[in-house]
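# Residue-level structure breakdown
These are the residues of each chain, in order.
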Amino acid sequence: MLIQKISLPLSLLLLVGCTQLTSSLNSTTGNYAEPYAQSDFDGLLAFGAIMAQISPPARAETCHTLLQRQQESPGLGFQLHLMVGRLLSDACGDITEILAGLNAIPTNQLSDDRLQKLVFTDTETLKRMESLTETLKRKENLADCRAKKITSLRGKQKSTQSLIETKEPTWSKNDEARLLREKLEAIRSMEKQLDENSDGN
């Protein structure tokens, strides 16, 4: 009975002590509870492997979380995770902005040689993706313009054809009358020349 009375307060004391120790560790280490804030090569490689294996909706959700954390507390780790994530999901943000963020990282912050190579490779890949996207957009815009022009020309063609069909009888009569007038004037001119020639003789 005495042991039970002692063990209960002792257990509570140990539980409180462990809780305080955990909270103090989290506060002193800062990013301890935030894996996306880490910027080590192995962590980024593992993150990329996980992103490659999960579904597109899960990737998008992860990207939204990354973007939110980056806005709340900008840091190298978030920037590098967005770099890796953008290779696998459009939801990880605008490529131009990510590249600008990567270019702003001082070289001395990428002390690990493997990390530098990873950043260089991913940066070049993102540049290529951006270039391909711009080319695709230009082709789509060109195709849209051509389609609009073709539609416009077809509309004008139909309108002109319709106008011709409605005006054709009138135009035919006018043409016949004009030809007759021209013939009549030519005959009169010839008669006038003949009269002048006869008077002269």
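Residues numbered from 1 in each chain as written. Predicted model: local features only at pLDDT ≥ 70, side-chain atom pairs only at ≥ 80, totals over all residues. Heavy atoms only, no water.

## Considering the overall build of the protein
In terms of helices and strands, the protein carries 6 helices and 0 strands. Tracing the protein from N to C terminus, the helices and strands come up as α-α-α-α-α-α. Here the protein holds 201 residues, and 19% of them are scored as buried. Across the protein, contacts joining residues at least 24 apart in sequence account for 66% of those joining residues at least 6 apart. As presented, the protein carries roughly 15,300 Å² of accessible surface, and 57% of it is formed by carbon and sulfur atoms. (Helix = DSSP H or I, 4+ residues; strand = E, 2+ residues; numbered from the N terminus. Buried < 20%, exposed > 50% of the residue type's maximum accessible area, 1.4 Å probe, protein only. Contact = heavy atoms within 4.5 Å. Areas by Shrake-Rupley, 256 points an atom, 1.4 Å probe, with all protein chains shown as cover.)

## Some thoughts on helix H5 (residues 95-103)
Looking at H5, one finds that the buried residues are Ile95, Ile98, Leu99, Gly101 and Leu102. Looking down the long axis of H5, one finds its buried residues gathered within 160° of arc, a one-sided arrangement. Those residues of H5 that are exposed and aimed more than 90 degrees away from the buried face are Glu97 and Asn103. Structurally, the start of H5 carries an N-cap: the backbone nitrogen of Thr96 is 3.2 Å from a side-chain oxygen of Asp94. (Arc of directions from axis to C-beta. Polar contact = N/O pair within 3.5 Å; in protein donor to acceptor, adjacent residues only side chain to side chain.)

## Thoughts on the packing of aromatic side chains
The final tally for this structure, using the stated rule, is 1 aromatic pair. Pairing Tyr36 with Phe47 gives two aromatic rings, centres 5.7 Å apart and planes at 75°, and the pair type is edge-to-face. Linking Tyr36 in the loop between helix H1 (2-29) and helix H2 (41-53) with Phe47 in helix H2, this pair joins segments that are 11 residues apart in sequence. Classification of Phe47 by relative accessible area gives buried; the value is 7%. (Phe/Tyr/Trp six-rings, centres within 6.5 Å; stacked < 30°, edge-to-face > 60°.)

## Structural notes on the state of the cysteines
Considering all chains together, one arrives at 1 disulfide under this definition. Between the sulfur atoms of Cys63 and its disulfide mate Cys92 the distance is 2.0 Å. Disulfide Cys63-Cys92: torsion about the S-S bond near -80°, hence left-handed. Separated by 29 residues along the polypeptide, Cys63 in helix H3 (residues 56-72) and Cys92 in the loop between helix H4 (76-86) and H5 bring together distant segments of the chain. For the pair Cys63 and Cys92, one class covers both residues: buried. (Disulfide = S-S within 2.5 Å.)

## With respect to the packing of H3 against H4
Closest axis-to-axis distance for the H3/H4 pair is 10 Å, and the angle between their directions is 155°. One element, H3, and the other, H4, form an angle in the roughly antiparallel class. Handedness of the crossing formed by H3 with H4: left-handed. On the side of H3, the interface is formed by Cys63, Leu66, Leu67, Arg69 and Gln70, while H4 contributes Phe78, Gln79, His81, Leu82 and Gly85. Taken together, the residues of the contact of H3 with H4 break down into 5 nonpolar, 4 polar and 1 charged. (Axes fitted to C-alpha atoms, helices over the stretch in contact; angles between N-to-C directions. Parallel < 35°, antiparallel > 145°, perpendicular 65-115°, else oblique. Left-handed = near helix turned anticlockwise from the far one by under 90°. Nonpolar A, V, L, I, M, F, W, Y, C, P; charged D, E, K, R; others polar.)

## Thoughts on the nonpolar core
Leu80, Met83, Leu102, Leu110, Leu115 and Leu126 are the most contacted members of the largest nonpolar core, which has 24 residues in total. Mapped by element, the contributors of at least two residues to this core are H2, H3, H4, H5 and helix H6 (113-200). The dominant element in this core, judged by the number of residues it contributes, is H4, at 6 residues. In contact with Met83, not counting residues within four places along its chain, are Ile98, Leu102, Val119, Asp122 and Leu126. (Core = buried A, V, L, I, M, F, W, Y, C linked by side-chain atoms within 4.5 Å.)

## What to know about the confidence of the model for the protein
Close inspection of predicted coordinates is inappropriate for parts of the model with low pLDDT. The predicted model of the protein has a mean per-residue pLDDT of 76, with 70% of residues at 70 or higher. Model confidence for the protein, summarised as mean pLDDT per element, is weakest for H1 at 39 and strongest for H4 at 94. Counting contacts from residues 1-32, a segment whose pLDDT is below 50, to residues more than four positions away or on other chains yields 3 contacts. (pLDDT = per-residue confidence, 0-100.)

## A closer look at the pattern of salt bridges
A complete count under the given rule lists 6 salt bridges for this structure. The salt bridge involving Arg86 is made with Asp90; its shortest N-O contact spans 3.0 Å. Looking at Arg86, the relative accessible area reads 10%, which means it is buried. For Asp90, a relative accessible area of 61% corresponds to the exposed category. With a closest N to O distance of 3.3 Å, Asp113 and Lys117 form a salt bridge. You can see Asp113 and its partner Lys117 sitting in helix H6, 4 residues apart, about one turn around the helix. Taking relative accessible area as the criterion, Asp113 reaches 42% and is therefore assigned partly exposed. Taken together, the shared-partner salt bridges connect Asp42, Asp112 and Arg114 into one network. (Salt bridge = Lys/Arg side-chain N within 4 Å of Asp/Glu carboxyl O.)

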